[in-house]
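Structural overview for review
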Amino acid sequence: MTLLIAALGVLGVASSGPLIAGTLGATSVTALAIAFWRNAIGAVVMAAPAVIREPKVFGKITRREFGWSAVAAVALAFHFACFITALQLTSVAAATALVCLQSGWIAVFQLFRGTRHRWPVLVGLGIAFGGVVAITGFDMGSSPDALLGDLLALAGGALAGLYTIAGGKARQSMGTGTYTTLCYGMCAAIVAVLALFSGQPLIGFDAGGWLGIIAITVCAQLVGHTAFNHLLATMSPLLVSMIILLEIPGAAILAAVFLSETLPAGTYAGLALILVGLAVVVAGQRRGRPEPDQRLAELGTD
C-alpha cells in the first residue's frame, strides 16, 4: 500500500506540467486562471476539516503567523505565475526540472544567511546548476521564447524556495490545515488581482477548459501532495524528498507520451544533472541536521 501511495504521489505531481501545458494549448484557459482555481479550490478543501476539528481556529491566528503566511502566499502566487507562463514558452521537461530547483535555492538562501553547508551539499549545488547551464544553453540556441521560459521557470523555483522558508516559519506554531487554508486563500486573492491588471479572465471557459482545471487541481494539488503528506507519517523525510525528485523524469516521460514532446540529447543530460545534483543536496542537508526553519520542503508546489 505504501508503494502504491508513493506511485500515486509521483504520478500526481509529475502530471502537473503536462496537464497545464495541454490545457493551455488546447483550451482558452489562461495561466492565471489555473493558478487561481487550483489555490481557491485547495483552500476550500483544506478549510473544511480544519473548521470541523476546531471551529474558532482561524480566529486564533497571531500577527506573526499571518505575516509569514502572507509572505508565503505572495511567493507562491508569483511562483505559479512564472511556472505556468514558462510552460507556454519552453518544454514541459525543462520547465519542470528548473522549477524543481527549489531545494537548491533554499540551500543557496541559507548560504547567504550564514549557514555553513557540508561539502556534499555544495557539490550537489554545483552539479544541479551545471544542469541549468546545459538546458538554458541549448534553449538559447533554439529560440528566445524557450530561453525566456527557462528563466521564468528558474525564477519560479527560487520563489518556491522562498515560499517554503516563509511557510516553515509560519508552521512552527500553525497546523497544516490552518496554514494551507490561509496561504492558499491569500494566494488565490493575489492571483485574482494579477489577473485583473493583466486582463486574463478567470471564468467563461469551455467545458474542456474547466475539465483541465479540475484535473490539474485533483491530480497535483489534492492527490499528489496529499499522498506525500501521508507518506511523511510512515517514511523518513529524506526518503520522501528523494521520491518527490522523481517528478523530474516523470514529467518528461508524460510530456513525451501525451504531448509528443522531443528534446535534444543535451537537454536530457541537463535534466539528469539537475536530478542527481538535487538528490545530493537533499541527502547532504538531511545528514547536516538543519534547523526547523531551514529544512528542505517535503512537499512541492506544483
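All values derive from a computational prediction rather than experimental measurement.

A look at the overall build of the chain
A count of helices and strands for the chain gives 13 helices and zero strands. In terms of overall size, the chain behaves like a compact globule, its C-alpha atoms giving a radius of gyration of 18 Å where 302 residues would be expected to give roughly 19 Å. For the chain, the spread of C-alpha atoms along the three principal axes comes to 55 × 50 × 40 Å. Looking at the chain as a whole, 53% of its 302 residues qualify as buried.

Focus on the packing of aromatic side chains
Following the criterion strictly, the structure yields five aromatic pairs and no others. An aromatic cluster of at least three residues, connected via ring pairs, comprises F36, W37, F205 and W210.

Overview of the packing of helix α5 (residues 92-99) against helix α12 (residues 247-258)
Where α5 contacts α12, the axes come no closer than 8 Å and their chain directions differ by 165 degrees. The angle between α5 and α12 falls in the class roughly antiparallel. In this structure, α5 crosses over α12, and the sense of that crossing is right-handed. Along the contact surface, α5 presents V92, A93, T96 and A97, while α12 presents E247, I248, A251, A252 and A255. Of the residues belonging to the contact of α5 with α12, the class tally is seven nonpolar, one polar and one charged.

Remarks on the confidence of the model for the chain
When pLDDT drops low, the exact placement of atoms in the prediction is not to be read closely. Per-chain confidence: the chain averages 86 in pLDDT, with 92% of residues scoring 70 or above. Per-element mean pLDDT across the chain ranges from 73 in helix α11 (residues 237-244) up to 95 in helix α4 (residues 63-86).

Regarding a nonpolar patch on the surface
Side chains of M1, L4, L8, I214, V218 and V223 sit close together on the surface and give an oily, nonpolar patch of about 560 Å² of accessible area. Every element with two or more residues in the nonpolar patch is listed here: α1 (2-14) and α10 (207-231). Ranked by residues supplied to the nonpolar patch, first place goes to α10 with three residues. Residue placement: I214 occurs in helix α10.

Comments concerning the side chain of E65
Topologically, E65 is positioned in helix α4. Here E65 is buried and forms no salt bridge, its nearest opposite-charge partner R64 lying at an N-O distance of 5.9 Å. Looking at E65, its side chain comes within polar contact range of the side chain of S173, at 2.7 Å. Excluding anything up to four places from it in sequence, E65 contacts K60, A170, S173 and M174.

Side note on the environment of A153
Structurally, the position occupied by A153 is in helix α8 (residues 144-170). Judged by its relative accessible area of 0%, A153 is buried. When sequence neighbours within four positions are dropped, the list of residues in contact with A153 reads A86, A95, L98 and V99.

Observations concerning unusual backbone geometry
Even without a glycine there, the phi angle at S260 is positive, about 55 degrees. Looking at the element boundaries, S260 is found in the loop between α12 and α13 (265-287).

Regarding the state of the cysteines
Simply put, disulfide is the name for a covalent bond between the sulfur atoms of two cysteines. The final tally for this structure, using the stated rule, is zero disulfides. No disulfide involves C82; its sulfur sits 12 Å from that of C187, the nearest cysteine.

Describing the pattern of salt bridges
Inspection of the entire model under this criterion finds one salt bridge. With a shortest N-O distance of 2.6 Å, K60 and E54 are connected by a salt bridge.

Considering helix α6 (residues 102-112)
In terms of burial, α6 is largely enclosed, as eight of its eleven residues are buried. Within α6, the full set of buried residues consists of Q102, S103, G104, W105, I106, A107, V108 and Q110.

So, how was this worked out
- Residues numbered from 1 in each chain as written.
- Predicted model: local features only at pLDDT ≥ 70, side-chain atom pairs only at ≥ 80, totals over all residues.
- Heavy atoms only, no water.
- Helix = DSSP H or I, 4+ residues; strand = E, 2+ residues; numbered from the N terminus.
- Rg over C-alpha atoms; globule rule 2.2 N^0.38 Å.
- Buried < 20%, exposed > 50% of the residue type's maximum accessible area, 1.4 Å probe, protein only.
- Phe/Tyr/Trp six-rings, centres within 6.5 Å; stacked < 30°, edge-to-face > 60°.
- Axes fitted to C-alpha atoms, helices over the stretch in contact; angles between N-to-C directions.
- Parallel < 35°, antiparallel > 145°, perpendicular 65-115°, else oblique.
- Left-handed = near helix turned anticlockwise from the far one by under 90°.
- Contact = heavy atoms within 4.5 Å.
- Nonpolar A, V, L, I, M, F, W, Y, C, P; charged D, E, K, R; others polar.
- pLDDT = per-residue confidence, 0-100.
- Patch = residues over 30% accessible without salt bridge, like charges linked within 9 Å, V, L, I, M, F, W, Y side chains within 5 Å.
- Areas by Shrake-Rupley, 256 points an atom, 1.4 Å probe, with all protein chains shown as cover.
- Salt bridge = Lys/Arg side-chain N within 4 Å of Asp/Glu carboxyl O.
- Lys, Arg positive; Asp, Glu negative; His and termini not counted.
- Polar contact = N/O pair within 3.5 Å; in protein donor to acceptor, adjacent residues only side chain to side chain.
- Disulfide = S-S within 2.5 Å.

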